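Report on the structure
So you can see what is in the structure, the chains are spelled out below.
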Amino acid sequence: MIRFRQVLAVPGMTPLLGISLLARAAITADAMALTMYVVLALDMSYAAAGAVVAALTAGVALGGPLLGRMIDRRGLRTVLLATVAPQIVFWLTVPVQPYVILLGASFAAGLLMVPVQSITRQAITAMTTTAQRRAAFALDSVAGELSYMVGPAVVILCAAKVSPGVVAWGVGAAIVAGGAGIALLNPPMRAEDETDGDAAARPRRREWLGARLVAVLTMGFGVAMLLSGVDLAIVATLQEAGQVSWAAMVIAVFGVTSVVGGLVYGALSRPMPTWLLLGLLGLVTIPAGLAHDWPWLCVAVIGAGLLTAPTLSTVSDAVSRLAPAGVRGEATGMQASAASAGFALGSPIVGMVIDVSAPAGGFAAAGLAGLLAALTGYLLSRRSPAAAPSASSSAQALEPCDTVAPAP
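- Under the annotation held in an unreviewed UniProt entry, the chain carries the name MFS family permease and is attributed to Nonomuraea dietziae.

**Examining the packing of aromatic side chains**
- Scanning the entire structure with this criterion turns up 4 aromatic pairs.
- Here Phe-90 and Trp-91 contribute two aromatic rings whose centre-to-centre distance is 4.9 Å and whose plane-to-plane angle is 80°, an arrangement assigned as edge-to-face.
- By relative accessible area, which is 5% here, Phe-90 ends up buried.
- On the numbers, 4.0 Å between centres and 5° between planes, the contact of Trp-246 with Trp-294 is stacked. With a gap of 48 residues between them, Trp-246 in the loop between α10 (211-240) and α11 (247-267) and Trp-294 in helix α13 (residues 294-300) connect regions that are remote in the sequence.
- Overall, Trp-294 belongs to the partly exposed group, its relative accessible area being 24%.
- Positioned above the aromatic ring of Tyr-265 is the side chain of Arg-134, whose terminal nitrogen or guanidinium carbon lies 5.4 Å from the ring centre.

**A word on the domain arrangement of the chain**
- For the chain, the assigned domains read domain 1 (13-190) and domain 2 (209-383).
- Measuring from the centre of the C-alpha atoms in domain 1 to the corresponding centre in domain 2 gives 21 Å.
- When domain 1 packs against domain 2, close to 2,600 Å² is buried across both sides, 61% of that on carbon and sulfur atoms.
- A salt bridge links Arg-69 to Glu-330; its shortest N-O distance comes to 3.2 Å.
- The interface formed by domain 1 and domain 2 holds 11 residue pairs in polar contact (both at pLDDT 80 or more) in total.
- Counting residues per element, the ones that place at least two in the side of domain 1 that touches domain 2 are α3 (46-74), α6 (116-127) and α7 (130-159).
- By residue number, the principal contributor to the side of domain 1 that touches domain 2 is α7, which donates 13 residues.
- In terms of residue class, the side of domain 1 that touches domain 2 is built from 12 nonpolar, 8 polar and 7 charged.

**Description of helix α15 (residues 328-356)**
- A rise of 1.5 Å per residue sets the reference length of α15, with its 29 residues, at 42 Å; its end C-alpha atoms lie 42 Å apart and thus fit the reference within 8%.
- Along α15, the largest kink reaches about 25° and is centred on Gly-346; proline Pro-348 follows within four residues of it.

**Focus on unusual backbone geometry**
- Despite not being glycine, Asp-43 shows a phi value in the positive range, around 55°.
- Position of Asp-43 relative to the elements: it lies in the loop between α2 (13-41) and α3.
- Of the residues examined, Asp-43 reaches a relative accessible area of 67% and is grouped as exposed.
- For Asn-186, which is not a glycine, the phi torsion comes out positive at approximately 50°.
- You can see Asn-186 is positioned in the loop between α8 (164-185) and α9 (205-208).

**Side note on empty space enclosed by the protein**
- Evaluated as defined, the whole model comprises 1 cavity of 30 Å³ or more.
- In this structure, the largest cavity spans a volume of roughly 30 Å³.
- Together, Val-230, Phe-254, Thr-285, Ala-288, Ala-300, Val-301, Ala-304 and Phe-363 line the largest cavity.

What counts and how
- Along every chain, residues carry numbers that run from 1 in the direction the sequence is written.
- Reporting in this predicted model follows two pLDDT cut-offs: at least 70 for local features of residues, and 80 or more for side-chain atom pairs to be given and counted; totals over whole chains, interfaces and linings ignore these cut-offs and use all residues.
- Only hydrogens and water are set aside when side-chain values are computed; all heavy atoms of the structure are taken into account.
- Ring pairs are drawn from Phe, Tyr and Trp, using the six-membered ring of Trp, whenever the two centres fall within 6.5 Å, and their geometry is named by plane angle: stacked under 30 degrees, edge-to-face over 60, tilted for the rest.
- The classification of residues rests on relative accessible area computed with a 1.4 Å probe and restricted to protein chains. Under 20% of the type maximum is buried, over 50% is exposed, and intermediate values are partly exposed.
- The secondary structure listing takes helices from DSSP runs of H or I that are at least 4 residues long and strands from runs of E that are at least 2 residues long, numbered from the N terminus.
- Put simply, a charge is over a ring when the Lys NZ or the Arg CZ is close to the ring centre, within 6 Å, and near the line of the ring normal, within 35 degrees.
- Bear in mind that the domain bounds are from an automatic or database domain assignment.
- Summed over both partners, the accessible area lost on bringing two parts together, with a 1.4 Å probe, is the buried area.
- Should a side-chain nitrogen of Lys or Arg be within 4 Å of a carboxyl oxygen of Asp or Glu, the pair is scored as a salt bridge.
- N or O atoms within 3.5 Å of each other form a polar contact, as long as, within protein, one can give a hydrogen and the other can take it, and as long as residues adjacent in sequence are counted only when both atoms are side-chain atoms.
- Think of it as three bins: nonpolar holds Ala, Val, Leu, Ile, Met, Phe, Trp, Tyr, Cys and Pro, charged holds Asp, Glu, Lys and Arg, and polar takes everything else, Gly as well.
- An expected span of 1.5 Å times one less than the residue number is assigned to each helix.
- Bend, in this description, refers to the angle at a residue between axes fitted to the seven residues ending there and the seven starting there.
- Think of a 1 Å grid over just the protein atoms. A cavity is a set of points where a 1.4 Å probe fits yet cannot get out, a pocket is an open set with protein on both sides within 12 Å along at least five of seven lines, and lining residues have an atom within 4 Å of a point.
- Grid points are joined across faces, edges and corners, and a volume is the space filled by probe spheres set on the points.

Spelled out as structure tokens, the structure:
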């Protein structure tokens, strides 16, 4: 816990994480808010709602690198102004938009979504030392887990009490408040020694987007695909057992154990390779399909939960180390896009497996996706040149996360 106290003592870190949690909870709830509006207010099918969510997700995936590149070139506040203003317009007008307009507007809103995750990760890199960074990213992953636990649940609860249009306004207000709060806080995007000279120069993409970074992005895609598939497999398992009302309990157990895992991992003295954590996550996910009712399913997801936040934090840590300062925004945008693509593809692929087999097949498919991404990341890392030997702790921490030393 000493590591976490040191991180939270960094000037500006506590308000940054707090504002980020608010905005991320709203962003994770935006898909649910749009789903509730299309189904309840427009009285349309879940397929129609899924198309709106898919349009939003596609926009987020495409916009991440573009907004990150804009941060690198134009600065944080310029990007926040360019994203907060469209969010105000979109969420205020959701209740009056016909379906066809909403479909296109959702894509535009995703394309210009406030890049809270990317900004937070860049700020963490700039505000912390190498020794503090792993604990800081662990806290960031814990905040992400809390946002997934709180955001959608609050939207569902509020939709039962007020109109879906009002819920959409609330989600939009939280996103805008988060973006405005970060703009007021104005955290640094580069460390003090990265603001001048060669450190701030923008290298060509082929100089930094090599096998090691591609490996990390692939593993980020894989963990997102695994997690979205697990959520669907949990619901399918409990629906088959006639216990679907307990899905919230199982997902809550998954989230709480992920928070615990993130805190424990952040307090450890040595990191673990990303590919190893993701591989273990895939392995412990597969046997969860053996559970057939909610109490056993709560037990079965504990292993995967404990490994989720650590895996997510190592991906963020690796990207921060591999991306030069001048392109860090674009690199973190690519990380967000990889995660969005993984979440978008995980559910339909796992859903098809469940349809042709059984809910247990969903857990197997999700776990195998994680294992495949881990293996791909491992092989890509071995293709890249090994890091130069160094006695510093930063080099020692980088090596197991991002590459594998060649055999002697």
